[in-house]
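So the chains spell out like this:
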Amino acid sequence: MKNPERKNYPALSQAEIRALYQENPTRAMRRLVWEIYCLHVVIKSAGAVIRARRMQDQLIPGGFDYVLDELAKALEPEIYVHENFPSMHEIYERRKARTSTKKRNKKVYR
C-alpha cells in the first residue's frame, strides 16, 4: 500500500487481532474482526495469484487458471468489489490534476 499512513499502522498478525478482540469483546468488535479475517482470505488468494504468475511456466496446464478461479470465488461474496466505484484510471487522473502546477497556477492567477 502506498498510503503514507501505513507506516503508522503496520499490518496486524492474527494473534494481535485476537488480542484486540479480547480487550474489547463486543458484538461490534467481533464483526470488525470477522471482516478483517475475510479480507485476509482475499489477500492470501491474491498472493497465491502473484506466486503462481511468477511460476507460470512450471505449473501444470490450467494451474494458473485454477488459481485465478480461486481468487474469483474469494472475491464473489465481497460486496465492495461489485460496488460502483470510480475506476483506478479516474482516481489517478484526479490526483494528477490536483497536484498539477498548471492547474494550481490557474487558480492563483485567475
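Residues numbered from 1 in each chain as written. Predicted model: local features only at pLDDT ≥ 70, side-chain atom pairs only at ≥ 80, totals over all residues. Heavy atoms only, no water.

Here we look at the overall build of the chain
Working step 1: The helix and strand inventory of the chain stands at six helices and zero strands.
Working step 2: Counting helices and strands in the order they occur from the N terminus, the chain gives α-α-α-α-α-α.
Working step 3: Taken across its 110 residues, the chain has 13% of its residues classed as buried.
Working step 4: Partitioning the contacts of the chain with sequence separation of at least 6, the portion at a separation of at least 24 is 38%.
Working step 5: Carbon together with sulfur atoms contributes 58% to the accessible area of the chain, which is approximately 10,100 Å² in total. (Helix = DSSP H or I, 4+ residues; strand = E, 2+ residues; numbered from the N terminus. Buried < 20%, exposed > 50% of the residue type's maximum accessible area, 1.4 Å probe, protein only. Contact = heavy atoms within 4.5 Å. Areas by Shrake-Rupley, 256 points an atom, 1.4 Å probe, with all protein chains shown as cover.)

Details of the side chain of serine 45
Working step 1: Relative to the helices and strands, serine 45 resides in helix H2 (residues 27-54).
Working step 2: The exposure class of serine 45 is buried, given its relative accessible area of 16%.
Working step 3: Those residues in contact with serine 45, other than ones at most four positions away along the chain, are Leu71 and Ala74.

As for helix H3 (residues 63-75)
Since the α-helix advances by 3.6 residues per turn, residues separated by three or four positions end up pointing in the same direction.
Working step 1: The first and last C-alpha atoms of H3 sit 19 Å apart over 13 residues, in line with the 18 Å expected at 1.5 Å per residue.
Working step 2: For H3, the elements touching its buried residues are H2. (Expected span 1.5 Å × (residues − 1).)

Observations concerning the nonpolar core
Working step 1: Membership of the largest hydrophobic core is limited to five residues, which are Val49, Ala52, Phe64, Val67 and Leu71.
Working step 2: For this core, the leading source of residues is H3, giving three residues.
Working step 3: Residues in contact with leucine 71, not counting those within four places in the same chain, are Val42, Ser45, Ala46 and Val49. (Core = buried A, V, L, I, M, F, W, Y, C linked by side-chain atoms within 4.5 Å.)

Quick notes on a nonpolar patch on the surface
Working step 1: On the surface, Trp34, Tyr37 and Val41 cluster together into a nonpolar patch covering about 320 Å² of accessible area.
Working step 2: Relative to the helices and strands, tryptophan 34 resides in helix H2.
Working step 3: You can call tryptophan 34 exposed: its relative accessible area is 51%. (Patch = residues over 30% accessible without salt bridge, like charges linked within 9 Å, V, L, I, M, F, W, Y side chains within 5 Å. Salt bridge = Lys/Arg side-chain N within 4 Å of Asp/Glu carboxyl O.)

Quick word on the pattern of salt bridges
Working step 1: The tally for this structure, following the rule as stated, stands at two salt bridges.
Working step 2: For glutamate 35, the salt bridge is made with arginine 31, and the minimal N-O distance between the two is 3.1 Å. Taken together, the positions of glutamate 35 and arginine 31, both in helix H2 and four residues apart, correspond to about one turn of that helix.
Working step 3: Judged by relative accessible area, which is 25%, glutamate 35 ranks as partly exposed.
Working step 4: Of the charged contacts, one joins glutamate 70 and lysine 73 as a salt bridge, the two residues approaching to 3.5 Å between their closest N and O atoms. In this pair, glutamate 70 and lysine 73 are both assigned in helix H3, three residues apart and thus about one turn of the helix distant.
Working step 5: By relative accessible area, glutamate 70 is classed as partly exposed at 31%.

Distances and angles like these do not, on their own, reveal function.
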